[in-house]
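# Observations on the model geometry
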Amino acid sequence: MSSILLLTSSPRSDSLSTKIATELADKIKAQNPGKTIVHRDLSSAPLPHIDELFTGAIRTPADARTAEQAEAVKVSDALVDELLAADTLVIGTGLINFNIYSSLKTWIDNIARAGRTFAYTETGPKGLATGKKAYIVLASGGVYSEGPAAPLNHAVPYLKSVLGFIGITDVETVYIEGIAFGPEAVEKAIGAAQARATELALAA
């Protein structure tokens, strides 16, 4: 059965990125009743940062790893399996210090695995997590999709680069922006994001 992997990363209980990302996943599922949603909340259940034991383990063939090394990559293996099983990704994050939340970066560090999600070839790296559609839901206090602050938006270009590296090149973005400009701006931003999410879900 195909699945939607919903990744949320905001530590805020009133997070708009989590709200809109969840709504988008639900809307895609409604258009495709056979899909299931696998939700990984990276803030409430943070993943382990990679360390020397982990980096040594992933460079060791699975059948040659020590028990300690096998344990060190156990979570990463599960995350990679979860990613590869999904045909749709919905990624929710706020723009913090011009980039993504560290909890989401840790997920990336765990799933970017040579031989699993990408491979080095004679012609360069090749993504192995192909055939998937991804949606990025980004919330920000200012306006970063366009205008003078756009060059400071490192989150979307970074996520598209990482996703493309592992073979996911069909990526759409939903912005919830300008929410620092007062209640009316928040209402407008939510409305625009929900309309965009509905449009994308209908096309899914």
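Heads up: these notes are all about the structure in this document. Each chain carries its own residue numbering, running from 1 in the written order of its sequence. Side-chain atom pairs in this predicted model are given and counted only at pLDDT of 80 or more, local residue features only at pLDDT of at least 70, and totals for whole chains, interfaces and linings cover all residues. As a convention, hydrogens and water are excluded, and side-chain values are obtained from all of the structure's heavy atoms.

### Observations concerning the pairing of strand β2 (residues 36-41)
Threshold: Being paired, for any two strands, means DSSP has found at least two bridges between them. Where helices and strands are cited, they refer to DSSP runs of H or I of at least four residues and of E of at least two residues respectively, numbered from the N terminus. Here is how to tell: hold the view so the strands point away, follow the path from the first strand over the helix to the second, and if it runs clockwise the crossover is right-handed.
With six bridges joining them, strand β1 (residues 3-8) and β2 adopt parallel strand pairing. Within β2, the residue paired with Ile 4 across the bridge is Ile 37. Taking the sense of rotation as the criterion, the β-α-β connection linking β1, helix α1 (residues 16-31) and β2 turns out right-handed.

### Things to note about the side chain of Thr 60
The following threshold applies: For each residue, the accessible area found with a 1.4 Å probe, counting protein chains only, is set against the maximum for its type, and the residue is called buried under 20%, exposed over 50%, and partly exposed in between. Pairs of N or O atoms within 3.5 Å make up the polar contacts considered here, provided that, within protein, one atom can donate a hydrogen while the other can accept it, and that residues adjacent in sequence are counted only when both atoms are side-chain atoms. Only heavy atoms matter for contacts: two residues are in contact if any of them lie within 4.5 Å across the pair.
With respect to the helices, strands and loops of the structure, Thr 60 is situated in the loop between α2 (52-58) and α3 (67-72). A residue is classified by how much of its surface remains accessible, and Thr 60, at 19% relative accessible area, is buried. In terms of polar contacts, Thr 60 uses its side chain to reach the backbone carbonyl oxygen of Gly 56, at 2.9 Å. Excluding residues that lie within four positions of it along the chain, Thr 60 makes contacts with Arg 65 and Gln 69.

### A look at the nonpolar core
As a reminder of what qualifies: Here, nonpolar core refers to any group of buried Ala, Val, Leu, Ile, Met, Phe, Trp, Tyr and Cys residues whose side-chain atoms link them within 4.5 Å.
Leu 83, Leu 89, Trp 107 and Ile 168 are the most contacted members of the largest nonpolar core, which totals 29 residues. At the level of elements, β1, α4 (74-85), β3 (88-94), α5 (102-111), β6 (133-140) and α6 (155-165) are the ones that each hand at least two residues to this core. Element by element, the count of residues in this core is highest for α6, at five residues. Those residues in contact with Leu 83 that lie beyond four places of it in its chain are Leu 5, Leu 89, Trp 107, Ile 111, Thr 117, Lys 132, Ile 166 and Ile 168.

### Here's the deal with the environment of Ile 136
Residue placement: Ile 136 occurs in strand β6. Expressed as a C-alpha distance, the spacing of Ile 136 and Ala 21, which sit 115 residues apart in the sequence, is 8.0 Å. Filtering out sequence-adjacent residues up to four positions away, Ile 136 remains in contact with Ile 91, Val 156, Leu 159, Lys 160, Val 171, Glu 172, Thr 173 and Val 174.

### Here's the deal with the pairing of strand β4 (residues 118-121)
Both β4 and strand β5 (residues 124-127) contribute to a ladder of four bridges, which runs antiparallel. Opposite Ala 119, over in β5, you have Lys 126 as the bridge partner. The antiparallel pairing of β4 with β5 creates a hairpin that spans two residues between the two strands.

### Description of the packing of α4 against α5
For the record, the criterion: In this description, a line fitted to the C-alpha atoms serves as the axis of each element, helices being fitted only across the stretch in contact, and the angle between N-to-C directions of two axes falls anywhere from 0 to 180 degrees. If an angle is under 35 degrees, it is roughly parallel; if it is over 145, roughly antiparallel; if it lies from 65 to 115, roughly perpendicular; otherwise it is oblique. Classes in brief: Ala, Val, Leu, Ile, Met, Phe, Trp, Tyr, Cys and Pro nonpolar; Asp, Glu, Lys and Arg charged; the others, Gly included, polar.
Remark: α4 packs on α5, axes separated minimally by 8 Å, with the N-to-C direction vectors making an angle of 90°. Judged on the interaxial angle alone, α5 and α4 are roughly perpendicular. Counted together, Ser 76, Leu 79, Val 80 and Leu 83 of α4 and Trp 107, Asn 110 and Ile 111 of α5 form the full contact between these two elements. Residues belonging to the contact of α4 with α5 are distributed by class as follows: five nonpolar, two polar and no charged.

### Side note on the environment of Glu 71
If you trace the backbone, Glu 71 turns up in helix α3. Sequence spacing of Glu 71 and Leu 53 is 18 residues, and the spatial spacing of their C-alpha atoms is 9.8 Å.

### So, the sheet that holds β3
Spatially, β2-β1-β3-β6-β7 is the arrangement adopted by the five strands of the open sheet, whose pairing is parallel. Two strands in the sheet have a free side with no partner beyond their single neighbour: β2 and β7 (170-177). Neighbour-to-neighbour, the strand axes of the sheet open up by a mean angle of 15°, direction not taken into account. As defined by bridge partners, β6 adjoins β7 across eight bridges and the pair is classed as parallel.

### Some thoughts on the layout of surface pockets
To keep it simple, the criterion reads: Here a cavity denotes a set of grid points, spaced 1 Å apart and computed over the protein atoms alone, in which a 1.4 Å probe fits but from which it cannot get out, and a pocket denotes an open set meeting protein on both sides within 12 Å along at least five of seven lines; residues with an atom within 4 Å of a point are reported as lining. Grid points are joined across faces, edges and corners, and a volume is the space filled by probe spheres set on the points.
In this structure, the largest pocket spans a volume of roughly 190 Å³. What lines the largest pocket is a set of 13 residues, among which Arg 12, Leu 16, Tyr 101, Ala 139 and Ile 179 lie closest to the centre. Secondary-structure elements contributing two or more residues to the lining of the largest pocket are α1 and β6. In terms of residue class, the lining of the largest pocket is built from five nonpolar, six polar and two charged. Considering only enclosed or pocket space, the second largest pocket measures out at about 170 Å³ in volume. Residue lining of the second largest pocket: Val 143, Val 174, Tyr 175, Ile 176, Glu 177, Gly 178, Ala 185, Lys 188, Ala 189, Ala 192, Ala 193 and Arg 196, and that is the complete set. Contributions of two or more residues to the lining of the second largest pocket are made by β7 and α7 (183-203). Take the lining of the second largest pocket: its biggest share by element is six residues, from α7. Class assignment for the residues of the lining of the second largest pocket results in eight nonpolar, one polar and three charged.

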